[in-house]
Amino acid sequence: MTDANTQPIVKAVNIKKTFKDVIALAGVDLEIMPSEYTALLGPNGAGKTTLVEIIEGIQKPDSGEITLFGKHWSGNKDELYKQIGLSFQETKFEDKLTAAETLKMFASFYGLDNTRVEEILNIVNLQEKRKSYVVNLSGGQRQKLALGIALLNNPKLLILDEPTTGLDPTARREIWSILHELKKTHGTSMILTTHYMEEAENLCEKIVIIDKGKVLAKGTLEQLIAESKTSEIVQFKVLDKSKFPDFSKFSDLREIQWEDSTNIVTMNVDNTSSFLPKMVSYLNNAGCKISELRCRYVTLDDLFIRMTGRKLTD
Amino acid sequence: MLKQFTQLLSIQFKEFFREPGALFWSFIFPILMSFALGMAFSDKPEMSQHAAVVIPASDSSFLKTYLNNNCTKSSSQKNEYEKNVDYKKLGKTTTHFIPASWKESEIMMKRGQIEIILTENKGKINYHFDPANFTSRLAYIIVSGMIDGKNLLSTKSVIKPLQTKGTRYIDFLVPGLLAMGIMSSCLWGISYGLIEKRSKKLLRRLVATPMKKSLFMITMFISRFVFAVLETIALLTFAYYVFDVTIQGSIIAFAAVIISGSFFFMGLSILLASRTANTQVGNGFISAITMPMMLLSGIFFSYSNFPDVMIPIIKYLPLTLFADSLRSIINEGFGVMDIIQPLLILSITGLTTFFIGLKIYKWY
Ligand SMILES: Nc1ncnc2c1ncn2[C@@H]1O[C@H](COP(=O)(O)OP(=O)(O)OP(=O)(O)O)[C@@H](O)[C@H]1O
Ligand SMILES: [Mg+2]
């Protein structure tokens, strides 16, 4: 038992994948432990989908090794697919089948009967839509259906590619609570790709940030913040850019960033309480007026911008 | 396994029966077609043709006199003249004469509104038309006959319309429609269906489960084959009750040809769908295959009118083999041994394309 719990469920070593001239993955390592939720965060084109599809056995890596539950994909397809549940970034189910019929069809692949279909309809809260054709479901309902299909076989490992993209905040929270519940009751493991920091923070204890096919950082949110050696942020708007003084003498200011379009300055500092009074008087002396001053703790967003130089949603 | 099989099969049926378009094209359309064409070309056809007449200004115009004395003023179209001739067993022919300038006549010809243009030169009637156009040629024969006062029904010859089963147009048409229906429902139903599932990424979602791919394919074949049989029965029943079309040859031979024809087009469908990722491309492929065959393979009219060099090729087009075999069983009373060659060609090529298609099939 102890042994099983210390063996990773997913082990990916040095995964590389190139499409023509695009390097989608440039040597990625990933380990998922039992009942661990891991978020893959990255901007568009980072390689998230390519990575999860390689883990899912849908795409083949150019090189590198991948095992699920200690097994390779080749020769173990049926067995592995029985144990995992997944949803792709975009799947359109058959238009003229109802939600319940779609679930029933997938259930039959796992040898499951209608009781399980009913359970799933309850879990994803689609009982009222059971008789609606897929074509008549809203975007959010379709995503819940896709999640329901992923959950059918009570998978030990869930792999979800952007399960909440395009959903309203309520629908998103609904999906989060389903996933929280699953972890509590079944000890499921999950790999989830997302553009939403909030989602990663809320759902996953482990976060992997990838960009341009490389892992930039991984660990718990606390570890990432500690590693980045910044914890506090001071942000304000400069009204007259020409009067903005030189801050290079401030030793407790780690980093300063300008956003040209809005004239918003973001500063990473060690200790806001000691830095702030100095900063305000320094700006006053220079005659530089500011507005919208804010101080806050560092977020995943800030880390991400620091690491990739762009916003997640860019 | 059994559960998977029954689920997949029921899904395949539902998908089809819930698509009103598919139902229309495979069941209603062939019946409407046979009805419309069967009626239009039934024993005593009424024909109507249009001739533009360029009348010269002079009072002594022959054409002008002819129109005034021998034709009636059209009741619906002012300025137009009509002449009805009943050739008894050849059927009625109404000729519409439309007085017009040369320019107007040319425009009407370009628009396909008339078949022939009549002018007058030094007391002679000139007929202007494209001799390559059969309807124009026919119009020339009838109109010149009328104007010259000739009777097309010679006293030396007697017209005997054929009424024997198997020689009527409807007998020619029904087997062709059966073959065409099976071709299009296989190509559109299987090929297009699979390509669409691939482009929706549904195919890859299906194979990312323990689903048996073979069951998926088998259930699809079974369901499409059942449709092909239902289609055949529907059209044959209709043709039997309305036009008294019956299968004169061996029923076993008929079933064998339906099976091998379906087989061929299913195999072709798999091959077509094996790699095509996008529905527009799929659409193009399918149309590029079905359209020429529908025109060339003698579905609506005999391919014997095509140039001689093409006929040997046309004869071996799959749809031609299929339609001709059905025709000879229905109309000429052929048995299995008489159609063994097309039967084998269709089955073997069907099997080959099927396996090649599966071999190179892209699920992802
Ligand atoms: N089949 C393919 N053919 C060619 N290039 C591809 C293919 N699939 C992915 N790529 C390229 O690989 C890179 C990574 O794509 P991927 O889909 O993994 O990104 P992603 O992180 O999932 O992005 P998004 O957040 O937009 O979903 C992109 O530059 C993409 O253009
Ligand atoms: Mg993606």
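Conventions used here
- Residues numbered from 1 in each chain as written.
- Chains lettered and ligands numbered in written order.
- Predicted model: local features only at pLDDT ≥ 70, side-chain atom pairs only at ≥ 80, totals over all residues.
- Heavy atoms only, no water.
- Donors = N, O, S within 2.8 Å, 3.2 Å for Na, K, Ca; no water.
- Helix = DSSP H or I, 4+ residues; strand = E, 2+ residues; numbered from the N terminus.
- Near = heavy atom within 4 Å.
- Polar contact = N/O pair within 3.5 Å; in protein donor to acceptor, adjacent residues only side chain to side chain.
- Areas by Shrake-Rupley, 256 points an atom, 1.4 Å probe, with all protein chains shown as cover.
- Nonpolar A, V, L, I, M, F, W, Y, C, P; charged D, E, K, R; others polar.
- Contact = heavy atoms within 4.5 Å.
- Buried area = accessible area lost by both parts, 1.4 Å probe.
- Salt bridge = Lys/Arg side-chain N within 4 Å of Asp/Glu carboxyl O.
- Pairing = 2+ DSSP bridges.
- Axes fitted to C-alpha atoms, helices over the stretch in contact; angles between N-to-C directions.
- Buried < 20%, exposed > 50% of the residue type's maximum accessible area, 1.4 Å probe, protein only.
- 1 Å grid on protein atoms, 1.4 Å probe; cavity = no way out; pocket = protein on both sides within 12 Å on 5 of 7 lines; lining within 4 Å.
- Points joined across faces, edges and corners; volume = space filled by probe spheres on them.
- Domains from an automatic or database assignment.

Chemist: Looking at this structure, how should I read the coordination of the magnesium ion (ligand 2)?
Modeler: When four donors bind a metal tetrahedrally, each ideal donor-metal-donor angle is 109.5 degrees, and when six bind octahedrally, the ideal angles are 90 or 180 degrees. Summarising the metal site, the magnesium ion (ligand 2) is bound by the protein donors A:Thr49 (OG1) and A:Gln89 (OE1), whose distances to it range over 1.8 to 2.2 Å. In this pair, A:Thr49 is assigned in helix 2 (residues 48-55) and A:Gln89 in the loop between strand 5 (84-87) and helix 4 (99-109), connecting sequence segments 40 residues apart.

Chemist: Can you help me understand the site of ligand 1 in this one?
Modeler: All names here are of chain A. Of all residues adjacent to ligand 1, which total 14 residues, the nearest are Asn44, Lys48, Thr49, Thr50 and His195. The contact in question runs from an oxygen atom of ligand 1 to an N or O atom on the backbone of Ala46, over 3.1 Å. Separating an oxygen atom of ligand 1 from a side-chain N or O atom of Thr50 is a distance of 2.6 Å. Coverage of ligand 1 by the protein amounts to 64% of the 640 Å² it exposes when considered alone. Listing elements by their share of the shell around ligand 1, those giving two or more residues are strand 2 (22-32) and helix 2. Here the element with the most residues in the shell around ligand 1 is helix 2; it accounts for three residues. Of the residues assigned to the shell around ligand 1, the class counts are five nonpolar, seven polar and two charged.

Chemist: Which parts of the structure should I look at to understand the interface of chain A and chain B?
Modeler: Many descriptions give the size of an interface as the accessible area lost when the pieces come together. Tallying the contact residues gives 30 residues for chain A and 24 residues for chain B. Looking at the side of chain A facing chain B, the largest losses of area belong to A:Glu94, A:Lys96 and A:Phe109, adding up to 24% of the total buried there. If you look at where chain A meets chain B, you find nine salt bridges. Every element with two or more residues in the side of chain A that touches chain B is listed here: helix 3 (77-83), helix 4 and helix 6 (139-151) of chain A. In terms of residue class, the side of chain A that touches chain B is built from 14 nonpolar, four polar and 12 charged.

Chemist: Can you walk me through the sheet that holds strand 5 of chain A in this structure?
Modeler: Neighbouring strands of a sheet are bound in pairs by backbone hydrogen bonds; such pairs are parallel or else antiparallel. Residues and elements named next belong to chain A. Here we have six strands laid out as an open sheet, ordered 5-6-7-3-8-9, and mixed in their pairing. Of all strands in the sheet, those bounded by a partner on one side alone are strand 5 and strand 9 (214-219). Taking each pair of neighbouring strands and ignoring which way they run, the sheet shows an average axis angle of 15°. Across the sheet, helix 2 touches strand 3 (37-41), strand 6 (157-161), strand 7 (189-194) and strand 8 (206-211), and the angle it forms with strand 7 is around 155°.

Chemist: I tried to follow the side chain of A:His195 on my own but got confused; where do I start?
Modeler: Residue and element names in this part refer to chain A. Relative to the assigned elements, His195 resides in the loop between strand 7 and helix 8 (197-203). Under the relative-accessibility criterion, His195 is labelled buried at 13%. A polar contact is formed between the side chain of His195 and the side chain of Lys48, at a distance of 3.5 Å. For His195, the side chain forms a polar contact with the side chain of Glu162, separated by 3.2 Å.

Chemist: Could you clarify how one ought to interpret the layout of surface pockets in this entry?
Modeler: Using a probe with the size of a water molecule, rolled over the atoms, empty space left in the structure can be pinpointed. All names here are of chain B. Here the second largest pocket is characterised by a volume of approximately 820 Å³. Taken together, 30 residues make up the lining of the second largest pocket; nearest its centre are Ala22, Trp25, Trp188, Gly189 and Tyr192. Among the elements of the structure, helix 1 (2-17), helix 2 (20-40), helix 6 (169-199), helix 8 (213-243) and helix 10 (279-296) are those that each provide at least two residues to the lining of the second largest pocket. Class assignment for the residues of the lining of the second largest pocket results in 11 nonpolar, 10 polar and nine charged.

Chemist: Please explain the pairing of strand 6 (residues 124-128) of chain B as it appears in this structure.
Modeler: Look at any regular strand and the pattern is simple: side chains alternate between the two faces of the sheet. All names here are of chain B. Across five bridges, the pairing between strand 5 (residues 116-121) and strand 6 is antiparallel. Directly across from Asn121, in strand 6, lies its bridge partner Lys124. Linking strand 5 back to strand 6 in an antiparallel pair, the connection comprises two residues, with Lys122 at a positive phi of about 50°.

Chemist: Just checking my understanding: could you explain the domain arrangement of chain A for this structure?
Modeler: Parsing chain A into structural domains produces domain 1 (4-225) and domain 2 (232-297). Each of domain 1 of chain A and domain 2 of chain A has a C-alpha centre, and the two are 41 Å apart.

Chemist: Explain the pattern of salt bridges here, please?
Modeler: Side-chain pairs of opposite charge can arise where the charged atoms are in close proximity. On inspection of all chains with the given rule, the structure shows 25 salt bridges over all chains. The partner of A:Glu101 in a salt bridge is B:Lys14, and the shortest N-O contact between them spans 3.4 Å. Highlighted residues: A:Glu101 in helix 4 and B:Lys14 in helix 1, drawn from two different chains. Using a relative accessible area of 27% as the deciding quantity, one classes B:Lys14 as partly exposed. A network of salt bridges, in which partner residues are shared, links A:Glu94, A:Asp95, B:Glu15, B:Lys197 and B:Lys200.

Chemist: Help me out: how do you make sense of the domain arrangement of chain B in this one?
Modeler: Segmentation of chain B into domains returns domain 1 (47-161) and domain 2 (169-359). Placing a centre on the C-alpha atoms of domain 1 of chain B and another on those of domain 2 of chain B gives a separation of 44 Å.

Chemist: Mind showing me how you'd approach the environment of A:Thr308 here?
Modeler: Residues and elements named next belong to chain A. Relative to the elements of secondary structure, Thr308 occurs in helix 11 (residues 300-308). In this structure Thr308 comes out as buried when scored by relative accessible area, which is 14%. Sequence separation of Thr308 and Ala100 is 208 residues, and the distance between their C-alpha atoms is 43 Å.

Chemist: What's the story with the environment of B:Thr290 in this structure? I'm lost.
Modeler: Residue and element names in this part refer to chain B. Structurally, Thr290 can be placed in helix 10. A relative accessible area of 3% means that Thr290 is categorised as buried. In the structure, Thr290 is positioned 103 residues away from Leu187 in sequence and 8.3 Å away in space, judged by C-alpha atoms. Setting aside chain neighbours within four positions, we find Thr290 in contact with Met183 and Leu187.

Chemist: What am I meant to see in unusual backbone geometry here?
Modeler: The general pattern is negative phi for most residues beyond glycine and trans for most peptide bonds. At A:Asn154, a residue that is not glycine, the phi angle is positive and equals roughly 50°. One can find A:Asn154 in the loop between helix 6 and strand 6.

Chemist: Would you explain the environment of B:Gly193 in this entry?
Modeler: Structurally, the position occupied by B:Gly193 is in helix 6. Along the primary structure B:Gly193 and B:Ser269 are separated by 76 residues, whereas in three dimensions their C-alpha atoms are 9.8 Å apart.

Chemist: Explanation requested: the sheet that holds strand 2 (residues 72-73) of chain B in the structure shown.
Modeler: All names here are of chain B. The strand order across the open sheet built from six strands is 2-3-4-1-5-6, with neighbouring strands paired in mixed fashion. Two strands close off the open sheet at either side, each with one partner strand: strand 2 and strand 6. By the bridge criterion, two bridges tie strand 2 to strand 3 (residues 81-86) in an arrangement that is antiparallel. For Thr72, the partnering residue across the bridge sits in strand 3 and is Glu82.

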